Amino acid sequence: MKEIYVGLIGFGTVGTGVVKLLQNSSQLLEKQLGARLVLKKIADLDITTSRGISVEEGILTKDAADILNDPEISIVMELIGGYEPARSFILEAMRKKKHVVTANKALLATHGNEIFETAAKEEVDIGFEASVGGTIPVIKTLKESLVANRIKSIFGIMNGTSNFILTKMTDEGESFDVVLKEAQDLGFAEADPTFDIEGIDTAHKLAITLALSYGKRVNLDDIYMEGISKITPEDIEFARELGYRIKLLAIAIQREDSIEARIHPTMIPFDHLLSNVNGNFNAFHIVGDAADSVFLYGQGAGMMPTASAVVGDLVDISRDILKGISRRVPLRSRREDIIEDIKLMPMDDIVTNYYLRFSALDRPGVLSRISGVLGNNNISISSVIQKGRTHDAHGAVPIVMTTHESREKDVRKALKEMDTLDIVRGKTMVIRIEDDKLK
Ligand code: HSE
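Here is what the cut-offs are and how they apply
Residues numbered from 1 in each chain as written. Predicted model: local features only at pLDDT ≥ 70, side-chain atom pairs only at ≥ 80, totals over all residues. Heavy atoms only, no water. Helix = DSSP H or I, 4+ residues; strand = E, 2+ residues; numbered from the N terminus. Rg over C-alpha atoms; globule rule 2.2 N^0.38 Å. Contact = heavy atoms within 4.5 Å. Lys, Arg positive; Asp, Glu negative; His and termini not counted. Charge placed at Lys NZ, Arg CZ, Asp CG, Glu CD. Near = heavy atom within 4 Å. Polar contact = N/O pair within 3.5 Å; in protein donor to acceptor, adjacent residues only side chain to side chain. Areas by Shrake-Rupley, 256 points an atom, 1.4 Å probe, with all protein chains shown as cover. Pairing = 2+ DSSP bridges. Salt bridge = Lys/Arg side-chain N within 4 Å of Asp/Glu carboxyl O. Buried < 20%, exposed > 50% of the residue type's maximum accessible area, 1.4 Å probe, protein only. Arc of directions from axis to C-beta. Domains from an automatic or database assignment. Buried area = accessible area lost by both parts, 1.4 Å probe. Axes fitted to C-alpha atoms, helices over the stretch in contact; angles between N-to-C directions. Left-handed = near helix turned anticlockwise from the far one by under 90°. Nonpolar A, V, L, I, M, F, W, Y, C, P; charged D, E, K, R; others polar. Phe/Tyr/Trp six-rings, centres within 6.5 Å; stacked < 30°, edge-to-face > 60°. Lys NZ or Arg CZ within 6 Å of the ring centre and 35° of its normal.

### A look at the overall build of the chain
Then, in step 1: Helix and strand counts for the chain come out as 14 helices and 19 strands.
Then, in step 2: In terms of C-alpha radius of gyration, the chain reaches 24 Å, essentially the compact-globule figure of 22 Å for 439 residues.
Then, in step 3: Its C-alpha atoms give the chain principal-axis dimensions of about 85 × 45 × 35 Å.
Then, in step 4: For the chain, the share of sequence-separated contacts (at least 6 apart) that also reach a separation of at least 24 residues comes to 75%.
Then, in step 5: Counting 53 positive and 64 negative side-chain charges, the chain places the centres of these two groups 2 Å from one another.

### Focus on the site of the ligand
Then, in step 1: Close to the ligand lie Lys 105, Asn 159, Gly 160, Thr 161, Asp 196, Asp 201, Lys 205 and Ala 301, which account for all nearby residues.
Then, in step 2: A distance of 3.4 Å is found between an oxygen atom of the ligand and a side-chain nitrogen or oxygen belonging to Asn 159.
Then, in step 3: Asp 201 is positioned with one of its side-chain polar atoms (N or O) 3.2 Å from an oxygen atom of the ligand.
Then, in step 4: Bound to the protein, the ligand loses 81% of the 260 Å² it would expose on its own.
Then, in step 5: Contributing elements (two or more residues each) for the shell around the ligand: helix 7 (160-172) and helix 10 (200-214).

### A short note on the sheet that holds strand 6 (residues 126-127)
Then, in step 1: The strand order across the open sheet formed by six strands is 3-2-1-4-5-6, and the pairing between neighbours is parallel. Of all the strands in the sheet, the pair left with one neighbour each is strand 3 (60-61) and strand 6.
Then, in step 2: Where strand 5 (residues 99-102) meets strand 6, two bridges bridge the pair, whose relative direction is parallel. Looking at the pairing, Val 101 lines up with Gly 127 of strand 6.

### A closer look at the pattern of salt bridges
Then, in step 1: Under the counting rule described, the total for this entry stands at 35 salt bridges.
Then, in step 2: Ionic pairing is found between Glu 408 and Arg 412, a salt bridge with its closest N-O pair at 2.9 Å. Here the residue Glu 408 and the residue Arg 412 both occupy positions in helix 14 (residues 408-418), the gap between them amounting to four residues, near one helical turn.
Then, in step 3: The class of Glu 408 is buried, set by a relative accessible area of 2%.

### Some points on the pairing of strand 15 (residues 351-360)
Then, in step 1: In terms of residue burial, strand 15 counts as a mostly covered element, since nine of its ten residues are buried.
Then, in step 2: One ladder, built from two bridges, connects strand 15 with strand 18 (residues 406-407); its direction is antiparallel. Bridging across to strand 18, Thr 352 finds its partner in Ser 406.
Then, in step 3: Across five bridges, the pairing between strand 15 and strand 19 (residues 429-433) is antiparallel. Across the sheet, the residue bridging to Asn 353 is Ile 433, located in strand 19.
Then, in step 4: Where strand 15 lies against strand 17 (residues 397-403), six bridges are found, and the strand directions are antiparallel. Residue pairing in the sheet places Arg 357 in a bridge with Val 400 of strand 17.

### Quick word on helix 14
Then, in step 1: Within the span of helix 14, buried status applies to Glu 408, Asp 410, Val 411, Ala 414, Leu 415 and Met 418. Projected down its long axis, helix 14 shows its buried positions confined to an angular sector of 155°, all on one face.
Then, in step 2: On its buried face, helix 14 is in contact with strand 15, helix 13 (366-376), strand 18 and strand 19.

### Some words on the domain arrangement of the chain
Then, in step 1: Here the domain parsing of the chain yields domain 1 (3-134 + 303-341), domain 2 (138-299) and domain 3 (347-438).
Then, in step 2: Inter-centroid distance (C-alpha atoms) of domain 2 to domain 3 is 24 Å.
Then, in step 3: Each partner contributes residues to the interface: domain 2 has 27 residues there, and domain 3 has 21 residues.
Then, in step 4: Buried area between domain 2 and domain 3, summed over both chains or domains, comes out near 2,000 Å², and the portion from carbon and sulfur atoms is 66%.
Then, in step 5: Here domain 2 is connected to domain 3 by four salt bridges.

### What to know about the pairing of strand 1 (residues 2-9)
Then, in step 1: Judged by how many residues are buried, strand 1 sits mostly within the fold: six of eight residues are covered.
Then, in step 2: Alignment of strand 1 against strand 2 (residues 35-43), held across eight bridges, turns out to be parallel. Each residue of the ladder has a partner; that of Ile 9, found in strand 2, is Ala 43.
Then, in step 3: Relative to strand 4 (residues 73-78), strand 1 runs parallel, the two being bridged by five bridges. Residue pairing in the sheet places Ile 9 in a bridge with Glu 78 of strand 4.

### Points about the side chain of Ser 213
Then, in step 1: With respect to the helices and strands, Ser 213 occurs in helix 10.
Then, in step 2: Among the polar contacts listed, one links the side chain of Ser 213 to the backbone oxygen of Thr 209, at a separation of 2.7 Å.

### A word on the packing of helix 2 (residues 26-33) against helix 12 (residues 303-323)
Then, in step 1: Direction vectors running N to C along helix 2 and helix 12 enclose 40°, while the axes themselves pass 10 Å from each other. Crossing geometry of helix 2 relative to helix 12 is assigned as right-handed. Along the contact surface, helix 2 presents Leu 29, Gln 32 and Leu 33, while helix 12 presents Val 311, Val 315, Ser 318, Arg 319 and Leu 322.
Then, in step 2: Residue composition of the contact of helix 2 with helix 12, by class: five nonpolar, two polar and one charged.

### Side note on the packing of aromatic side chains
Then, in step 1: A complete count under the given rule lists two aromatic pairs for this structure.
Then, in step 2: Their ring planes at 5° and their centres at 4.8 Å tell us that Phe 281 and Tyr 297 sit as a pair that is stacked. In this pair, Phe 281 sits in strand 12 (residues 281-288) while Tyr 297 sits in strand 13 (residues 292-299), placing the two residues 16 residues apart along the sequence.
Then, in step 3: A residue is classified by how much of its surface remains accessible, and Phe 281, at 24% relative accessible area, is partly exposed.
Then, in step 4: Residue Tyr 297 is classed as partly exposed on the basis of its relative accessible area of 45%.
Then, in step 5: Over the ring of Tyr 5 we find Lys 40, and its NZ or CZ is 5.8 Å from the ring centre.

Below, the structure is given as structure tokens:
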């Protein structure tokens, strides 16, 4: 039987999962591929700590060059994460005419152009299914299954940590800080959770998703991003009362001559499938002009689910190698020579519904002054809730308003004016609502 030699750089959680999967599924993989995948070397700075699996004598090395310089190895898996030395290893592997498989979303979102262009120049492939949505085959869906569609929209829950925190806040009424601490104690959240909770990890994944959906280069800095750390149990409770759940959504919508791309906590109706994606699960609701709605759901992280995506890429590339071809599927959906820059819609121009929670004094005329500012800025109110008379430290009560479709620029201007009113205390909470666009 033919053998295809592969090397693994990074023997962490996902790397260990890949080794386990290659060992446990070797017979199944041989049947799928008609060849044997041979893991020839594993490089990691730590080759002494037990990973709970046994590997063949002599395959562990501390030096990634042992993989990069091995002419027999045709596919290199980069599973160390981060920017450097991951970037250099990938580029070096490609220059040595090796195909690459990576789960590194941060690297692809920031250095993707250099990496994809190098792959094209060196005529090698790069598999990155594990970089977005973990085990969920969203890359393959966009690059292959939906190839005949213009992608009208994508609404995604792309970060398991944030979804886990929001789910627990919703189910248990706890504050963000308490749930974050619990998630860290349970090992679900990183010691430094910034990437996950502030939307940065989601932005990396959305940038990759956009490139594949529209065959274009994306500037990560142009994507509007807002995390979940300011969400309070009070907002979750008001959302429930209004018929919504709050999720950290990544949104991409095809507009006339630009793409709307944004990440922020979003209220979505109870009865939408995305509302029921709970815990650390991820999901993607993709709408194609021919396919209509496609919904993908699964584990966005974790040892074996992520390993499943990595090994899937290994098999895809190996199938091409066996046929004597490479890059049967273009790296970023479209032909690499026609990739152009994506035009993202400025955040000021987006139009959506808003939830606004004011902290205002409870006295006659307050509502009319607030609604006056909104009205003067073209913002039409859809509903108002004022409950009880529980005064906060500023002697204020929460007043919640939802709006009809309004322009972001108008909302920002109105809130600036609102903050100067003597009857409004503290900053107004803004959460965007997506309702009709999800239907
Ligand atoms: N930290 C990510 C999450 C998984 O919480 O979903 C890896 O991208």
